[in-house]
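# Coordinate inspection notes
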Amino acid sequence: GAGVSQSPSNKVTEKGKDVELRCDPISGHTALYWYRQRLGQGLEFLIYFQGNSAPDKSGLPSDRFSAERTGESVSTLTIQRTQQEDSAVYLCASSPMGSEAFFGQGTRLTVV
Amino acid sequence: AQTVTQSQPEMSVQEAETVTLSCTYDTSESNYYLFWYKQPPSRQMILVIRQEAYKQQNATENRFSVNFQKAAKSFSLKISDSQLGDTAMYFCAFMRSRDDKIIFGKGTRLHILP
């Protein structure tokens, strides 16, 4: 079956532009997670969803970051007015209840 | 708040040797899961092994095993007969059972030397 799909796989954007990153979870997975990974670093928690509600948004770095999820399906992470420090790989994962997370390949974002 | 600490940023071992990666965590939760993930240079995160906190028996998957010490809040990963393909970043992760939030440690970069 299909795994977690993220698009685009790579994105280069100019400083100040808005970007949207998309995540298609595995069908039937209730939880969906977004993490940020800077080069050579660990996974920084951003936000997660249970269904289409977000119980914990504490990891979003600033009000330029937002995310939404449609039902138990697609999620979009939006970064407004991008800055160079936003350059990173953005990883999405999904999981059924009470189980490990399955990860997508990530979106590499470069802000120039 | 939960925290996950991996105290070894980088390790190197010879092929065929055994290596242990350490992980400690801090939580007031009683029900949770622990995981080890591997991230090779391809960037794809792969689950290596999982442990339910209510199980006393340590999880084992082929050459990979854990030493789960609940009272000490320690969850180390042992890789036996290490292979070149084990070269990767390894992340320890904690998941709360009540809401499935998952947090990760900062990772250990493991090099297996020929």
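Everything that follows concerns the structure shown earlier in this document.
Definitions and limits used
- Residues numbered from 1 in each chain as written.
- Chains lettered and ligands numbered in written order.
- Predicted model: local features only at pLDDT ≥ 70, side-chain atom pairs only at ≥ 80, totals over all residues.
- Heavy atoms only, no water.
- Helix = DSSP H or I, 4+ residues; strand = E, 2+ residues; numbered from the N terminus.
- Rg over C-alpha atoms; globule rule 2.2 N^0.38 Å.
- Buried < 20%, exposed > 50% of the residue type's maximum accessible area, 1.4 Å probe, protein only.
- Areas by Shrake-Rupley, 256 points an atom, 1.4 Å probe, with all protein chains shown as cover.
- Lys, Arg positive; Asp, Glu negative; His and termini not counted.
- Charge placed at Lys NZ, Arg CZ, Asp CG, Glu CD.
- 1 Å grid on protein atoms, 1.4 Å probe; cavity = no way out; pocket = protein on both sides within 12 Å on 5 of 7 lines; lining within 4 Å.
- Points joined across faces, edges and corners; volume = space filled by probe spheres on them.
- Nonpolar A, V, L, I, M, F, W, Y, C, P; charged D, E, K, R; others polar.
- Contact = heavy atoms within 4.5 Å.
- Buried area = accessible area lost by both parts, 1.4 Å probe.
- Salt bridge = Lys/Arg side-chain N within 4 Å of Asp/Glu carboxyl O.
- Polar contact = N/O pair within 3.5 Å; in protein donor to acceptor, adjacent residues only side chain to side chain.
- Disulfide = S-S within 2.5 Å.

## Side note on the overall build of chain B
Helices and strands together make up the secondary structure of chain B, namely zero helices and 12 strands. The helix and strand sequence of chain B, counted from the amino end, reads β-β-β-β-β-β-β-β-β-β-β-β. In terms of overall dimensions, chain B is globule-like: its C-alpha atoms have a radius of gyration of 14 Å, near the 13 Å expected for 114 residues. The dimensions of chain B, computed from C-alpha atoms along their principal axes, are 45 × 25 × 20 Å. Each of the 114 residues in chain B was classed as buried or not, and the buried ones make up 54%. As displayed, chain B has an accessible area near 5500 Å², and 47% of this comes from carbon and sulfur atoms. The positive charge centre, built from 13 side chains, and the negative charge centre, built from 11, are 6 Å apart in chain B.

## A few points about the layout of surface pockets
As a volume, the largest pocket reaches approximately 410 Å³. Taken together, 21 residues form the lining of the largest pocket, with Q37, L39 and G40 of chain A together with Q39 and R109 of chain B sitting closest to its centre. Among the secondary structure elements, those contributing two or more residues to the lining of the largest pocket are β9 (88–95) and β11 (107–111) of chain A together with β10 (88–96) and β12 (108–113) of chain B. Class assignment of the residues belonging to the lining of the largest pocket gives a composition of nine nonpolar, eight polar and four charged. If you add up the space inside the second largest pocket, you get close to 170 Å³. Lining the second largest pocket are R36, Q37, R38, Q41, G42, L43 and E44 of chain A together with V4, F104, G105 and K106 of chain B. The residue makeup of the lining of the second largest pocket, split by class, is three nonpolar, four polar and four charged.

## Observations concerning the interface of chain A and chain B
Facing 27 residues of chain A, the contacting portion of chain B comprises 21 residues. Where chain A abuts chain B, roughly 1900 Å² becomes buried across the two surfaces, and 46% of that area is made up of carbon and sulfur atoms. Where chain A packs against chain B, one counts two salt bridges. Between R50 of chain B and E100 of chain A there is a salt bridge; the shortest N-O distance is 2.6 Å. At the junction of chain A with chain B, the criterion picks out 12 residue pairs in polar contact (both at pLDDT 80 or more).

## Considerations on the state of the cysteines
For the structure on display, the rule yields two disulfides over all chains. Covalently, C23 of chain A is tied to C92 of chain A through a disulfide, its sulfur atoms 1.9 Å apart. Taking the torsion about the S-S bond as the criterion, the C23 of chain A to C92 of chain A disulfide, at about -70°, is left-handed. One end of the pair, C23 of chain A, is in strand β3 (residues 19–24); the other, C92 of chain A, is in strand β9, and 69 residues separate them in sequence. You'll find C23 of chain A and C92 of chain A in the same group, each marked buried. A sulfur-sulfur separation of 2.0 Å characterises the disulfide bridge that pairs C23 of chain B with C92 of chain B. Handedness of the C23 of chain B-C92 of chain B disulfide follows from its S-S torsion of about -70°: it is left-handed. Of this pair, C23 of chain B sits in the loop between β3 (19–21) and β4 (24–26) while C92 of chain B sits in strand β10, and the two are 69 residues apart along the sequence. Owing to a relative accessible area of 1%, C92 of chain B belongs among the buried residues under this scheme.

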